[in-house]
Amino acid sequence: MGIRFDSVTVAYDGNVVLDALDLTVEPGEVMALLGPSGSGKTTALRAVAGFVRPVAGRVLLGGRDVTDLPPYRRGIGMVVQQYALFPHMRVDENVAFGLRARRVSKGETRQRVAEALEMTGMAAYARRHPRELSGGQQQRVAIARALAIRPDVLLLDEPLSALDAQLRSGMLAELARLHRELPDVCMLYVTHDQVEALTLADRIAVMDKARLQACGTPRELYRAPTDAFTASFVGGANLVPVTVGSGGVSFAGTELKVDTRGVVAGARATLCVRPHVVGLEPGPEQGPGVNQLTGVVREIQWRGATHRLYVEVDGHTVMADVRELRDPPVHGDSVTLHFAPEDAVLLPAGVTHE
Ligand code: ADP
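Residues numbered from 1 in each chain as written. Predicted model: local features only at pLDDT ≥ 70, side-chain atom pairs only at ≥ 80, totals over all residues. Heavy atoms only, no water.

1. As for the overall build of the protein
Under the convention used in this document: Secondary structure elements follow DSSP: runs of H or I of four or more residues count as helices, runs of E of two or more count as strands, with numbering from the N terminus. Each residue is placed in one exposure class: buried if its accessible area under a 1.4 Å probe, protein chains only, is under 20% of its type's maximum, exposed if it is over 50%, and partly exposed if it falls in between. Contacts were defined at the residue level, with two residues in contact if any of their heavy atoms lie within 4.5 Å. Exposure was quantified through the Shrake-Rupley algorithm and a 1.4 Å probe, taking into account, for residues, occlusion by the shown protein chains and nothing else. When charges are counted, Lys and Arg contribute as positive and Asp and Glu as negative, whereas His and the chain ends are disregarded. The location of each charge is read from NZ of Lys, CZ of Arg, CG of Asp or CD of Glu.
When helices and strands are counted, the protein shows eight helices and 20 strands. On the principal axes, the C-alpha backbone points of the protein span a range of 75 × 45 × 35 Å. Within the span of the protein, comprising 354 residues, buried residues form 49% of the whole. For the protein, contacts bridging at least 24 residues in sequence account for 67% of all contacts bridging at least 6. Accessible surface, the protein as shown: approximately 17200 Å² in total, 50% of it carbon and sulfur. Here the protein contributes 38 positive and 41 negative side-chain charges, whose respective centroids are spaced 10 Å apart.

Put into structure tokens, the structure is as follows:
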């Protein structure tokens, strides 16, 4: 069963916090709603769950308009950040909660609780209370509780943000496994963490200021972003203001060769170049690289496989992730960077994410 937002608008006291959202999540798909805090992600999720009523637009589940249905009649499982387990109930009772409310028989309930605890690796903890569990285990129970009702749609609201970094990456792998084991369940996953979105999602919907900015596969958004906000929010990017010429752009008095098809000469635009495609002169290849920029090293960070250089070029910082640097430059050195024309994307001049 898929989800469709059909021009969904939500407002609080006349303030629009979700502005005419059009978005379709296919059956079995994991869609991440990615964006900064306050961009309207949770509101979109709550509109699907039925906890908030749109002032305009419709929400469809499996093609059926559910906008006027109460939450418990939507067949949805939901997992939120703060686990929200009942402290006085044992793990198995917590997981059975949604089934009791739905009047599922005792025998069936036992079976489904066992199955959901098995799936989340919590079978051995069935008789414990939440306070006897770690944060990660509590979140597994919350996921088991959501799965026990056998939802067609699973809504996850920042489910990992209360966990520490190591637990988070383990749980991320488990969610990916669950997705493989439940290929028909469609998941809408709210996060402000691009790593979670890039790891888990089939597609990412990027939100900013109550609006959908872009939607695509992680690869599409990374390789060919269509706006500066998305480019900077997904993956990190050098975004520099340029003026478009014929067959290239000019930046800081330097002519750079890039694909300018579809952009009017003389227009102002933003050039997007990912740090990992920026090389340091002289490169390992024969001859000098195209699109050279000379500047001063302001910072250098060792990141294991790469060095991240921050180079100031005419008042703008250009980031370069350079591999296998035997003799790295030091702070204050003058260096020349280069990038290939096909590795740059020209975007409308616009807002970026800081
Ligand atoms: P996100 O999930 O992207 O952080 P939210 O959807 O939670 O964003 O919130 C979007 C905006 O709506 C925020 O400005 C928030 O303050 C506001 N908001 C959310 N819930 C309420 C509410 N119940 N009453 C008033 N304003 C709200």
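From this point on, the discussion continues.
2. Let's talk about unusual backbone geometry
Unlike most non-glycine residues, Arg103 shows phi in positive territory, near 60°. If you trace the backbone, Arg103 turns up in the loop between α2 (91–101) and α3 (106–119). Since its relative accessible area comes to 76%, Arg103 is described here as exposed. Not every positive phi belongs to a glycine, and Asp314 is a case in point at roughly 50°. Mapped onto the elements of the fold, Asp314 is located in the loop between β17 (306–313) and β18 (316–323).

3. Some thoughts on the nonpolar core
Convention followed: Only buried Ala, Val, Leu, Ile, Met, Phe, Trp, Tyr and Cys residues count toward a nonpolar core, and they belong to the same one when joined by side-chain atoms within 4.5 Å.
One finds Val95, Leu117, Leu175 and Ile204 to be the most contacted residues of the largest nonpolar core, which totals 45 residues. Element by element, the count of residues in this core is highest for helix α4 (residues 135–148), at seven residues. With near-sequence residues (within four places) excluded, Val95 lies in contact with Val113, Ala116, Leu117, Val141, Ala144, Arg145 and Ala148. Ranked by size, the runner-up nonpolar core spans 28 residues in total, among them Phe5, Val8, Met31 and Leu61.

4. Some points on the packing of α2 against α3
Put simply, the rule is: Interaxial angle, 0 to 180 degrees, is taken between N-to-C directions of lines fitted to C-alpha atoms, where a helix line uses only the stretch in contact. For classification, angles of less than 35 degrees are called roughly parallel, those exceeding 145 degrees roughly antiparallel, those between 65 and 115 degrees roughly perpendicular, and all remaining angles oblique. By definition, any crossing whose near helix is turned counterclockwise from its far helix by less than a right angle is left-handed, and any crossing with a clockwise turn is right-handed. Each residue is assigned to one of three groups, with Ala, Val, Leu, Ile, Met, Phe, Trp, Tyr, Cys and Pro labelled nonpolar, Asp, Glu, Lys and Arg labelled charged, and all others, Gly among them, labelled polar.
In the contact formed by α2 and α3, the axes pass within 9 Å of each other and the chain directions differ by 120°. Considering their axes alone, α2 and α3 lie oblique with respect to each other. α2 and α3 meet at a crossing whose hand is right-handed. Mapping the contact onto sequence places Val91, Asp92, Val95, Ala96 and Leu99 in α2 and Thr109, Arg112, Val113, Ala116 and Leu117 in α3. When its residues are assigned to classes, the contact of α2 with α3 shows seven nonpolar, one polar and two charged.

5. As for the site of the ligand
Convention followed: Here a residue is considered near a molecule or strand provided that any single heavy atom belonging to it is located within 4 Å of it. In the analysis that follows, any N or O atom pair within 3.5 Å is treated as a polar contact, provided that within protein one partner can donate a hydrogen and the other can accept it, and provided that, for residues neighboring in sequence, both atoms belong to side chains.
By nearness alone, every residue bordering the ligand is listed as Tyr12, Val17, Pro36, Ser37, Gly38, Ser39, Gly40, Lys41, Thr42 and Thr43. At a separation of 3.0 Å, an oxygen atom of the ligand approaches a polar backbone atom of Gly40. Thr42 is positioned such that a nitrogen or oxygen atom in its side chain is 2.8 Å from an oxygen atom of the ligand. With three residues, helix α1 (residues 41–49) is the largest single contributor of residues to the shell around the ligand. For the shell around the ligand, the per-class residue count stands at three nonpolar, six polar and one charged.

6. Regarding the environment of Leu200
Tracing the sequence through the fold places Leu200 in helix α6 (residues 194–200). What makes Leu200 buried here is its relative accessible area of 8%. For the pair formed by Leu200 and Leu172, sequence separation is 28 residues and the distance between their alpha carbons is 7.3 Å. Setting aside residues up to four positions removed in sequence, Leu200 forms contacts with Val30, Leu172, Leu175, Ala176 and Tyr189.

7. Notes on the domain arrangement of the protein
Stated precisely, the cut-off is as follows: Each domain span listed reflects an automatic or database assignment of domains. Here the quantity called buried area is the accessible surface, traced with a 1.4 Å probe, that two parts lose on coming together, added over both.
Domain assignment breaks the protein into domain 1 (3–228) and domain 2 (237–348). The gap between the C-alpha centroids of domain 1 and domain 2 is 39 Å. Between domain 1 and domain 2, the contact holds seven residues from the first and eight residues from the second. Both faces considered, domain 1 and domain 2 share a buried interface measuring about 570 Å² in area, 61% of it formed by carbon and sulfur atoms. Interface area lost by domain 1 to domain 2 is led by Tyr222, Pro225 and Ala228, which between them contribute 76%. Scanning the region where domain 1 abuts domain 2 turns up three residue pairs in polar contact (both at pLDDT 80 or more).

8. Side note on the packing of α2 against α4
The contact between α2 and α4 brings their axes to 7 Å, and the two run at 30°. For the element pair α2 / α4, the angle class is roughly parallel. Between α2 and α4 lies a crossing of right-handed hand. Where α2 approaches α4, its residues Val91, Asn94, Val95 and Leu99 are matched on the opposing element by Val141, Ala144, Arg145 and Ala148. Its residues assigned to classes, the contact of α2 with α4 shows six nonpolar, one polar and one charged.

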